Amino acid sequence: MLNSSIKRYLRHGMLPQLAVFEAVARLSSFTKAADELHLAQPTVSAQIKKLADNLQIPLFEQIGKRIYLTPAGEKLYEGCQLLFTALTNIEESLSDLRGLEYGRLRLAVSTTGKYFVPRLLAEFVKLHPAIEVSLQIHNRNTLMDRLSRNEDDLYIFSNPPNEFEIVTQPILPNPMVVFAREDHPLAHEKKIAFAQLKNEKFIMREPGSGTRMVAYEAFDHHGVEPQVQMELSTNEAIKQAILAGLGISILSQYTLGLDTFEPRLSILNVQGFPIERLWQFVYPVGKQTSSVSRAFMDFVRKEAPTLIEDHVGKIKG
Ligand code: PGA
């Protein structure tokens with residue numbers, strides 16, 4: 001029997017208001033919450049105002065340009081986390097009972113995953129057309145934030161985090177290579193010593209990227225300082241910058257594409273390359289994986305080699 005004192009929480013729209021509140025509280029910003037939730041900022045402010053009116057207590061205070069949770073806001077934030085965890089658990093067990101007919105798969109992958117994951121998803125959905133699929137593509141740091149909040153069913157990382165207790169399952173090799181424009185003076189050389197790269201302008205991924213981490217590890221390993229010409233936040237932008245003659249970069253070989261390769265891009269024959277990384281499924285230890293997640297992992301393990309690896313094998317070296 002529901003306690004009558006929680007009547008105000010049963011009002012229409014309360015759950016969406018709490019979702020908005022949770023995002024504002026977590027990000028300490030109305031603007032960032034609006035971006036994350038794909039809402040206009042006035043909508044976010046209006047939702048927070050309605051929520052505070054419903055609960056009859058202020059939830060945030062503004063000091064200078066920053067907003068802070070009031071003591072009531074802090075209590076509500078703690079409660080929201082418990083509530084959303086409970087709802088996620090309910091959804092996960094229901095989704096398991098629904099089986100593969102009406103399940104849902106929320107997948108989050110790091111940026112190079114966009115070159116191969118949609119193809120696997122498309123084939124999987126052909127087999128299970130009623131499954132609702134969502135795909136989030138982010139850099140490694142953002143994926144780690146999402147993982148820590150248990151926002152998705154399954155993650156695909158190339159460099160899984162060490163900071164969390166996670167389960168990993170290998171999917172495919174992810175060779176990291178040095179890309180240059182085809183008319184680069186080193187393009188036809190063999191066995192280039194890594195030290196030679198110190199004279200090259202280098203295009204680096206943004207902080208938080210796993211690709212950047214691998215590139216810096218390689219430079220550190222050889223005791224060479226990269227001459228970073230610019231930092232760009234997508235592999236595609238880096239590819240265009242290389243083609244524009246702005247420099248070279250270390251990226252996943254998948255950046256070349258699976259079917260149509262960019263002929264003006266060369267993979268330099270640098271000693272110690274490719275650096276072998278591995279695409280891996282990742283989920284937190286203790287997570288109750290849904291039947292849809294398990295079916296997708298089984299499908300990928302079986303089909304990825306033919307659907308993807310054959311294409312990568314055709315890439316010129
Ligand atoms: P990135 O990721 O998209 O952050 O470069 C690769 C990874 O480390 O998973």
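Structure: see above.
Bear in mind the structure is a predicted one, so any value in this text is a computation, not a measurement. (Residues numbered from 1 in each chain as written. Predicted model: local features only at pLDDT ≥ 70, side-chain atom pairs only at ≥ 80, totals over all residues. Heavy atoms only, no water.)

1. Describing unusual backbone geometry
Right, on to step 1. Geometrically, the link from Phe273 to Pro274 is a cis peptide bond, its omega value of 0° lying close to zero.
Right, on to step 2. Examined against the element boundaries, Pro274 turns out to sit in the loop between strand E10 (265-267) and strand E11 (275-284).
Right, on to step 3. Positive phi values are uncommon outside glycine, yet Lys191 reaches one of about 45°.
Right, on to step 4. Inspection of the secondary structure puts Lys191 in the loop between strand E6 (166-181) and strand E7 (201-205). (Helix = DSSP H or I, 4+ residues; strand = E, 2+ residues; numbered from the N terminus.)

2. Let's talk about the layout of surface pockets
Right, on to step 1. Roughly 1,200 Å³ of internal volume is contained in the largest pocket.
Right, on to step 2. Lining the largest pocket are 35 residues, with Arg26, Glu36, Arg146, Arg149 and Glu151 positioned closest to its centre.
Right, on to step 3. Per element, the largest residue contribution to the lining of the largest pocket is nine residues, and it comes from helix H4 (residues 71-98). (1 Å grid on protein atoms, 1.4 Å probe; cavity = no way out; pocket = protein on both sides within 12 Å on 5 of 7 lines; lining within 4 Å. Points joined across faces, edges and corners; volume = space filled by probe spheres on them.)

3. Some remarks on the packing of aromatic side chains
Right, on to step 1. Tallied over the entire structure, the rule returns twelve aromatic pairs.
Right, on to step 2. For the pair Phe116 and Tyr254, a centre-to-centre distance of 5.3 Å together with 45° between the ring planes defines the contact as tilted. Here Tyr254 lies in the loop between strand E9 (249-252) and E10 and Phe116 lies in the loop between strand E3 (104-110) and helix H5 (117-127), a separation of 138 residues in the sequence. Like Phe116, the residue Tyr254 is buried in the burial classification. (Phe/Tyr/Trp six-rings, centres within 6.5 Å; stacked < 30°, edge-to-face > 60°. Buried < 20%, exposed > 50% of the residue type's maximum accessible area, 1.4 Å probe, protein only.)

4. A closer look at the pairing of strand E1 (residues 60-63)
Right, on to step 1. As judged from the four bridges shared by E1 and strand E2 (residues 66-69), these two strands associate in the antiparallel manner. Bridge assignment links Gln62 to a residue of E2, and that residue is Ile67.
Right, on to step 2. The hairpin formed by E1 and E2 contains two residues between the paired strands, and Gly64 there has a positive phi angle of roughly 60°. (Pairing = 2+ DSSP bridges.)

5. Quick look at empty space enclosed by the protein
Right, on to step 1. Applying the stated criterion to the full structure yields two cavities of 30 Å³ or more.
Right, on to step 2. The computed volume of the largest cavity comes to approximately 120 Å³.
Right, on to step 3. What lines the largest cavity is a set of 16 residues, among which Ser110, Ser158, Asn159, Gly210 and Thr211 lie closest to the centre.
Right, on to step 4. If you list the elements that add at least two residues to the lining of the largest cavity, you get E6 and helix H7 (210-221).
Right, on to step 5. Of the residues assigned to the lining of the largest cavity, the class counts are three nonpolar, eleven polar and two charged.
Right, on to step 6. In this structure, the second largest cavity spans a volume of roughly 70 Å³.
Right, on to step 7. Taken together, Glu91, Glu92, Ser95, Arg104, Arg106, Asp153 and Ser290 make up the full set of residues lining the second largest cavity.
Right, on to step 8. Elements with a contribution of two residues or more to the lining of the second largest cavity: H4 and E3.
Right, on to step 9. Sorting elements by how many residues they give to the lining of the second largest cavity places H4 first, with three residues.
Right, on to step 10. Split by residue class, the lining of the second largest cavity holds no nonpolar, two polar and five charged. (Nonpolar A, V, L, I, M, F, W, Y, C, P; charged D, E, K, R; others polar.)

6. Structural notes on the site of the ligand
Right, on to step 1. Looking at the ligand, the residues that line it are Ser110, Thr111, Asn139, Arg140, Phe157, Ser158, Asn159, Arg205, Ser209, Gly210 and Thr211.
Right, on to step 2. At 2.8 Å, a side-chain N or O of Asn159 approaches an oxygen atom of the ligand.
Right, on to step 3. Here an oxygen atom of the ligand and a side-chain polar atom of Ser209 are 2.8 Å apart.
Right, on to step 4. In the complex, 99% of the free accessible area of the ligand, which totals 290 Å², lies under the protein chains.
Right, on to step 5. Under a 2 Å grid-point criterion requiring more than half of the atoms, the pocket assigned to the ligand is the largest cavity.
Right, on to step 6. The residue makeup of the shell around the ligand, split by class, is one nonpolar, eight polar and two charged. (Near = heavy atom within 4 Å. Polar contact = N/O pair within 3.5 Å; in protein donor to acceptor, adjacent residues only side chain to side chain. Areas by Shrake-Rupley, 256 points an atom, 1.4 Å probe, with all protein chains shown as cover. Sits in = over half its atoms within 2 Å of the grid points.)

7. A few points about the packing of helix H1 (residues 14-27) against helix H2 (residues 30-37)
How two helices sit against one another is set out by the angle between their axes and by the gap between those axes.
Right, on to step 1. Put simply, H1 and H2 touch, their axes get as near as 8 Å, and they point 125° apart. The pairing of H1 with H2 is recorded here as oblique in orientation. You can see that H1 and H2 cross each other, and the crossing is right-handed. Here Ala19, Val20, Ala23, Val24, Arg26 and Leu27 of H1 lie close against H2, whose contacting residues are Phe30, Lys32, Ala33, Glu36 and Leu37.
Right, on to step 2. Here the contact of H1 with H2 is built from residues that sort into eight nonpolar, no polar and three charged. (Axes fitted to C-alpha atoms, helices over the stretch in contact; angles between N-to-C directions. Parallel < 35°, antiparallel > 145°, perpendicular 65-115°, else oblique. Left-handed = near helix turned anticlockwise from the far one by under 90°. Contact = heavy atoms within 4.5 Å.)

8. With respect to the pattern of salt bridges
Right, on to step 1. Considering all chains together, one arrives at 14 salt bridges under this definition.
Right, on to step 2. Put simply, Asp53 and Lys49 hold a salt bridge, and the shortest N to O gap is 2.9 Å. Remark: Lys49 and Asp53 occur in helix H3 (residues 41-55); sequence separation between them is four residues, near one turn of the helix.
Right, on to step 3. The partly exposed category is assigned to Asp53, whose relative accessible area is 45%.
Right, on to step 4. Classification of Lys49 as exposed rests on a relative accessible area of 52%. (Salt bridge = Lys/Arg side-chain N within 4 Å of Asp/Glu carboxyl O.)

All we've got here are geometric facts, nothing functional implied.
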